[in-house]
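Breakdown of the fold
Next come the chains, spelled out residue by residue.
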Amino acid sequence: MELQDWPSQVFSKPRFGRYLKSTRGDEVAALALYRTELHEAMQTFQLLSLLEVGLRNGVCSSLEIEGGLWHEVLGATLRGRNALQLQAAQKSRGSDSRDQMVTAMSFGFWCSLFSAPLEPVLWSRYLSKIGSAQESLPRRQIAGALWTANKLRNRIAHHEPN
């Protein structure tokens with residue numbers, strides 16, 4: 001393989017084709033554009049990681065305000081896929097390991113705690129108290145922003161093009 005042929009070995013034609021199209025077939029410019037987008041994605045991913053850590057820590061603190069562990073509160077509340085994900089984490093990480101349980105849960109899991117079906121149980125009692133704001137944003141607005149962030153995070157993590 002020639003050095004100049006490496007992009008065709010690394011990128012699929014559709015993926016690299018969009019960069020070539022944007023640069024009118026200039027391969028050097030296409031690679032520069034790819035590197036620029038990759039750099040921007042890495043910077044965005046750092047911010048999303050901070051959001052995720054802050055979100056899960058805020059949720060855990062709010063759930064534990066009455067004295068129980070966060071996963072015990074959720075274990076008594078969750079149903080379906082979320083309950084299965086929580087049970088799997090308890091089996092693999094051990095329910096005594098609070099912090100390992102926190103990191104075992106996906107960003108999507110934490111976002112789902114703000115969904116409409118959980119509003120009567122989680123939002124009104126626990127999650128509306130996250131943060132230091134005098135007045136909380138509406139649950140629906142927070143949930144929408146979190147799902148948008150989760151979608152962006154997944155696109156970056158899975159190297160999905162725009």
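A few points on the structure. (Residues numbered from 1 in each chain as written. Predicted model: local features only at pLDDT ≥ 70, side-chain atom pairs only at ≥ 80, totals over all residues. Heavy atoms only, no water.)

**Observations regarding the side chain of Arg56**
The residue Arg56 is located in helix α3 (residues 27-63) in this model. Assessed through its relative accessible area of 14%, Arg56 is described here as buried. With near-sequence residues (within four places) excluded, Arg56 lies in contact with Val102, Thr103 and Trp110. (Helix = DSSP H or I, 4+ residues; strand = E, 2+ residues; numbered from the N terminus. Buried < 20%, exposed > 50% of the residue type's maximum accessible area, 1.4 Å probe, protein only. Contact = heavy atoms within 4.5 Å.)

**Overview of α3**
With 37 residues, α3 should reach 54 Å at 1.5 Å per residue; the first-to-last C-alpha distance of 52 Å fits that figure. Residues of α3 that are buried: Ala30, Leu31, Tyr34, Leu48, Glu52, Leu55, Arg56, Gly58, Val59, Cys60, Ser62 and Leu63. Where α3 begins, one side-chain oxygen reaches toward the backbone nitrogen of Val28, 3.1 Å away; that side chain belongs to Asp26. (Expected span 1.5 Å × (residues − 1). Polar contact = N/O pair within 3.5 Å; in protein donor to acceptor, adjacent residues only side chain to side chain.)

**Considering the pattern of salt bridges**
In this structure the tally under the stated criterion is seven salt bridges. Here Arg125 makes a salt bridge to Glu66, at a shortest N to O gap of 2.6 Å. Taken together, the residues Arg125 in the loop between α8 (119-123) and α9 (139-157) and Glu66 in the loop between α3 and α4 (70-75) connect sequence positions 59 residues apart. Its relative accessible area of 45% is what places Arg125 among the partly exposed residues. One network of salt bridges, in which partners are shared, links Glu52, Arg56 and Arg153. (Salt bridge = Lys/Arg side-chain N within 4 Å of Asp/Glu carboxyl O.)

**Observations concerning the packing of helix α2 (residues 13-22) against α3**
Packed helices, taken two at a time, are described by their axes: the angle between them and the distance between them. One way to put it is that α2 packs onto α3 with a least axis distance of 8 Å and a crossing angle of 115°. Between α2 and α3, the crossing angle belongs to the class labelled roughly perpendicular. The element α2 and its partner α3 pack so that their crossing is right-handed. Between α2, through Phe16, Arg18, Tyr19, Leu20 and Ser22, and α3, the contact on the second element is made entirely by Glu27, Ala30, Leu31, Leu33, Tyr34 and Glu37. (Axes fitted to C-alpha atoms, helices over the stretch in contact; angles between N-to-C directions. Parallel < 35°, antiparallel > 145°, perpendicular 65-115°, else oblique. Left-handed = near helix turned anticlockwise from the far one by under 90°.)

That's the geometry; what it means functionally is another story.
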